[in-house]
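If you want the building blocks of each chain, they are given just below.
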Amino acid sequence: FPSSAIFLGPKGVGKRTIASCIMLSAQVGDVMEVVPGSEQMDQARSISSFLSLKSSRANSQKFVLLDNADELSEPAQNVLLKVLEELRPRTHVIFICHSSQLLETITSRSWQYFFGRLSEEDMQAFTHQNSLQVLPATYQAAAGSPGELLRLASEHDTLAAATAIVHSETSRQKWDLFFELAELDSDVLAQIFSVALRIVKPAMYTRVRAAGRGLEQNFNKKLVLQKLLLT
């Protein structure tokens, strides 16, 4: 396995899972997993210190798994660039990225592996293998991401509400939905609107998007729902 690797692709398509499998199959002595936070320079220096030390087990490999690496600031990336330039033998860094935001000097020193979205046929096979019970709209909402499919499968209410927004037609259905959604927190509504955007008909896309933006701007929740459902 290369000293530095970048796993690039959408969220939920298996990048972290594959990285974990690679580490399990290797003779690994020490592993450090990092998710960028508010103290990124300290995190980058910790990675440098970790990789500069010998492994706790003879002839074993050391791995750093850096999740959401595209959220790293440029100064933190520059610290890691120095780390890559001075990597000891049998040490490895895996950058897990959802977008191409790493410095060119890092990407040029790393092997890049691209992960794509799954086809609907593969998603259905994944559902069968994991014995999942999902709504018909789940595949469209998951957009080829097994991770998102698992999340939606565990949040039936969110997907059901999003589906109701898309398919409510009669005045009675819309009023019932209005009163039901008005009782929810704005954060929950925002999640419902986000899912609805993936399955909504083109004619309604603009209205759902506007509703989501209204919540982001702290508009009155009932007015947002009224404009979406009742006008």
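Note that the structure is a prediction, hence the values are computed from the model and not measured.

Enquirer: Would you mind showing me how to read helix α10 (residues 186-199) here?
Expert: Helical geometry note: an α-helix holds 3.6 residues per turn, so side chains three or four residues apart project in the same direction. Here α10 spans 20 Å end to end across 14 residues, near enough to the 20 Å set by a 1.5 Å rise per residue. Where α10 is concerned, the buried positions are Leu 189, Ile 192, Phe 193, Val 195, Ala 196 and Ile 199. Each buried residue of α10 lies within a common arc of 165° when the element is viewed along its axis, so the set occupies one face.

Enquirer: Would you mind going over the packing of aromatic side chains with me for this structure?
Expert: In this description, an aromatic ring pair is defined by two values, namely the gap between the centres and the angle between the planes. For the structure shown, the criterion picks out six aromatic pairs. When the centroid spacing of 5.8 Å and the interplanar angle of 75° are considered together, the rings of Trp 175 and Phe 178 count as edge-to-face. Of this pair, Trp 175 and Phe 178 both sit in helix α9 (residues 171-182), three residues apart, which is roughly one turn of the helix. Looking at Trp 175, the relative accessible area reads 40%, which means it is partly exposed. Cation over ring: Lys 62 sits above Phe 50, and NZ or CZ is 4.2 Å from the ring centre.

Enquirer: Quick question: what am I supposed to make of the sheet that holds strand β1 (residues 4-8) here?
Expert: The pairing of strands in a sheet comes from backbone hydrogen bonds and takes either a parallel or an antiparallel form. Taken together, the five strands give an open sheet; going across it, the order is β2-β3-β4-β1-β5, and neighbouring strands pair in parallel fashion. A single partner strand is all that each edge strand has here, and the edge strands are β2 (28-34) and β5 (111-114). The mean angle between the axes of side-by-side strands here comes to 15°, regardless of whether they run parallel or antiparallel. The pairing of β1 with strand β4 (residues 91-97) spans five bridges and is parallel. Bridge assignment links Ala 5 to a residue of β4, and that residue is Ile 94.

Enquirer: For this particular structure, what's the right way to read unusual backbone geometry?
Expert: What you tend to see is this: most non-glycine residues have negative phi, and most peptide bonds are trans. For Arg 90, which is not glycine, the phi torsion reads 65° and is therefore positive. Topologically, Arg 90 is positioned in the loop between α3 (74-85) and β4. For Ala 143, which is not a glycine, the phi torsion comes out positive at approximately 55°.

Enquirer: Looking at this structure, how should I read helix α12 (residues 221-229)?
Expert: Along α12, the residues that are buried comprise Val 224, Leu 225, Leu 228 and Leu 229. Here the buried residues of α12 occupy an arc of 110° about the axis, which is enough to place them on one side. Of the exposed residues in α12, those oriented more than 90 degrees away from the buried face are Leu 223 and Lys 227. The N-cap of α12, judged by a side-chain oxygen 2.9 Å from the amide nitrogen of Lys 222 a few residues on, is Asn 220.

Enquirer: What am I meant to see in the nonpolar core here?
Expert: Nonpolar side chains tend to gather and get buried jointly when the protein is soluble and globular. Membership of the largest hydrophobic core comes to 33 residues, with the highest contact counts inside it found for Leu 149, Ile 165, Leu 181, Phe 193, Val 208, Leu 225 and Leu 228. Contributing elements (two or more residues each) for this core: α5 (120-129), α6 (138-142), α7 (146-153), α8 (156-167), α9, α10, α11 (202-216) and α12. Ala 76, Leu 80, Phe 95 and Leu 102 belong to the second largest nonpolar core, which has 24 residues in total.

About the criteria used
Residues numbered from 1 in each chain as written. Predicted model: local features only at pLDDT ≥ 70, side-chain atom pairs only at ≥ 80, totals over all residues. Heavy atoms only, no water. Helix = DSSP H or I, 4+ residues; strand = E, 2+ residues; numbered from the N terminus. Expected span 1.5 Å × (residues − 1). Buried < 20%, exposed > 50% of the residue type's maximum accessible area, 1.4 Å probe, protein only. Arc of directions from axis to C-beta. Phe/Tyr/Trp six-rings, centres within 6.5 Å; stacked < 30°, edge-to-face > 60°. Lys NZ or Arg CZ within 6 Å of the ring centre and 35° of its normal. Pairing = 2+ DSSP bridges. Axes fitted to C-alpha atoms, helices over the stretch in contact; angles between N-to-C directions. Polar contact = N/O pair within 3.5 Å; in protein donor to acceptor, adjacent residues only side chain to side chain. Core = buried A, V, L, I, M, F, W, Y, C linked by side-chain atoms within 4.5 Å.

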